[in-house]
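Listed below are the residues making up each chain.
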Amino acid sequence: MLNYLWGFMVVIGIFYAAFTGNLPAVTTAALDSSKEAVALCVTMLGVMSLWVGLMRIAENCGIISGAANMLNPFLRFMFPKIPKGHKANEYISTNIIANVFGLGWAATPAGLKAMEEMGQLNCHSKIASKDMCTFLILNVSSFQLIPVNMIAYRSQYGSANPASILGPAMVATCFSTLAGIIFSKFMYALPEKQPLTYKKKKGGTF
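Time to look at the overall build of the chain. Looking only at helices and strands, the chain features nine helices and two strands. Going from the N terminus to the C terminus, the chain shows its helices and strands as α-α-α-α-α-α-α-α-α-β-β. Here the C-alpha radius of gyration of the chain, 23 Å, is well above what a compact globule of 206 residues would show, namely 17 Å. Taken over the C-alpha atoms alone, the chain extends approximately 70 × 60 × 30 Å along its principal axes. When each of the 206 residues of the chain is scored for burial, the buried share is 27%.

Okay, the packing of aromatic side chains next. Tallied over the full model, the rule gives zero aromatic pairs. Between the NZ or CZ atom of Lys185 and the centre of the ring of Phe77, over which it lies, the distance is 4.6 Å. Above the face of the Tyr188 ring, Lys185 is positioned so that its terminal group lies 4.9 Å from the ring centre.

Our focus in this paragraph is the side chain of Thr134. As for its placement among the helices and strands, Thr134 is situated in helix α7 (residues 130-141). We classify Thr134 as buried; its relative accessible area is 4%. Within the structure, Thr134 has its side chain in polar contact with the backbone oxygen of Lys130 (distance 2.8 Å). Apart from the residues lying within four places of it in its own chain, the contact partners of Thr134 are Met78, Phe79, Ser184 and Tyr188.

For the rest of this paragraph, the subject is the confidence of the model for the chain. In this model, the chain carries a mean pLDDT of 80, and residues with pLDDT of at least 70 account for 92%. Within the chain, the lowest mean pLDDT, 45, falls on strand β2 (residues 204-205), and the highest, 89, falls on α7. The low-confidence segment residues 195-202 (pLDDT under 50) makes six contacts with residues lying over four places distant or belonging to another chain.

Moving on: helix α5 (residues 87-100). Along its 14 residues, α5 runs 20 Å from first to last C-alpha, staying within 8% of the 20 Å computed at 1.5 Å per residue. Burial runs high along α5: 10 of the 14 residues are buried. Here α5 has its buried residues at Ala88, Asn89, Ile92, Ser93, Asn95, Ile96, Ile97, Ala98, Asn99 and Val100.

A positive phi angle is found at Cys123, which is not glycine, with a value near 60°. Locating Cys123 in the fold gives a position in the loop between α6 (104-121) and α7. The phi dihedral of His124 is positive, around 55°, even though this residue is not glycine.

The next thing to look at is the nonpolar core. Note on soluble globular proteins: their nonpolar side chains tend to be buried together. One finds Phe79, Ile92 and Met118 to be the most contacted residues of the largest nonpolar core, which totals 27 residues. Put simply, the parts of the chain that give this core at least two residues each are α2 (23-60), α4 (72-78), α5, α6, α7 and α8 (148-156). When residues of this core are assigned to their parent elements, the largest contribution, six residues, is made by α5. Residues within four places of Phe79 in sequence aside, it is in contact with Ile92, Asp131, Thr134, Phe135 and Leu138.

On the surface, Leu2, Leu5, Trp6, Phe8, Met9 and Ile12 cluster together to form a nonpolar patch covering roughly 670 Å² of accessible area. With respect to the helices and strands, Met9 occurs in helix α1 (residues 2-19). For Met9, a relative accessible area of 44% corresponds to the partly exposed category.

Rules behind the numbers
- Residues numbered from 1 in each chain as written.
- Predicted model: local features only at pLDDT ≥ 70, side-chain atom pairs only at ≥ 80, totals over all residues.
- Heavy atoms only, no water.
- Helix = DSSP H or I, 4+ residues; strand = E, 2+ residues; numbered from the N terminus.
- Rg over C-alpha atoms; globule rule 2.2 N^0.38 Å.
- Buried < 20%, exposed > 50% of the residue type's maximum accessible area, 1.4 Å probe, protein only.
- Phe/Tyr/Trp six-rings, centres within 6.5 Å; stacked < 30°, edge-to-face > 60°.
- Lys NZ or Arg CZ within 6 Å of the ring centre and 35° of its normal.
- Polar contact = N/O pair within 3.5 Å; in protein donor to acceptor, adjacent residues only side chain to side chain.
- Contact = heavy atoms within 4.5 Å.
- pLDDT = per-residue confidence, 0-100.
- Expected span 1.5 Å × (residues − 1).
- Core = buried A, V, L, I, M, F, W, Y, C linked by side-chain atoms within 4.5 Å.
- Patch = residues over 30% accessible without salt bridge, like charges linked within 9 Å, V, L, I, M, F, W, Y side chains within 5 Å.
- Areas by Shrake-Rupley, 256 points an atom, 1.4 Å probe, with all protein chains shown as cover.
- Salt bridge = Lys/Arg side-chain N within 4 Å of Asp/Glu carboxyl O.

Below is the structure:
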C-alpha cells in the first residue's frame, strides 16, 4: 500500500512540475537528494559500525549477559507465558538493550529471532500471541538512553549541537514506553478470543 502511495505522490509531483514549468527543478532536486542520501548512508555506516562494534565488545566481555540477567524480573512481568530460561528471553533482552542505546539496526536481528521463538511457542498460529503483541509494542515505544540515529541525522544536516536532543528524547521515550507497558498489561488482562470451530452435521456444516 505504501509503495502505491509513494508512487502516486511522485507521479503527481512530476506532472504538476511539468504543467507549472518547474520540471528542471525536479531534476535538480532528485540529483541533490541522491547525493545527500549517499552522504547520509556513509555517515550512518560509520556511526552504526562504531556502536555495533561496542555492543559486540560488551557482549564478549559478558556485559550484555549481565544486563540481560538484570532484565529477567522485567521480562517475567511483561511476558509471563514465556518459560523461564527459554531462548526467546535472551533475544528479547538483546533487542531491548540495543534499543535503549538507540541501535535500531542492531536490535532488528535479535527482534526477528525473538519473534521466531515466540511463534514456535504460539504453535506457528497465524494469530499473534499476547507476548508477541507486547514485544511489538515495546519495540515501537522503545525507551532510548542515547538516540544514536537522531544524533547522526542532526550532525549530518549541520546542527550546532546534535546531542542536545538527549534530554527530550529520554523524556519522550520514557513516557511512550510507560504508556506501552500500561496498555500491554491492560490488554493482557482481557480474555483471549477463542477461534471459531466448525462441526460437521448432517446436511452440511456450521
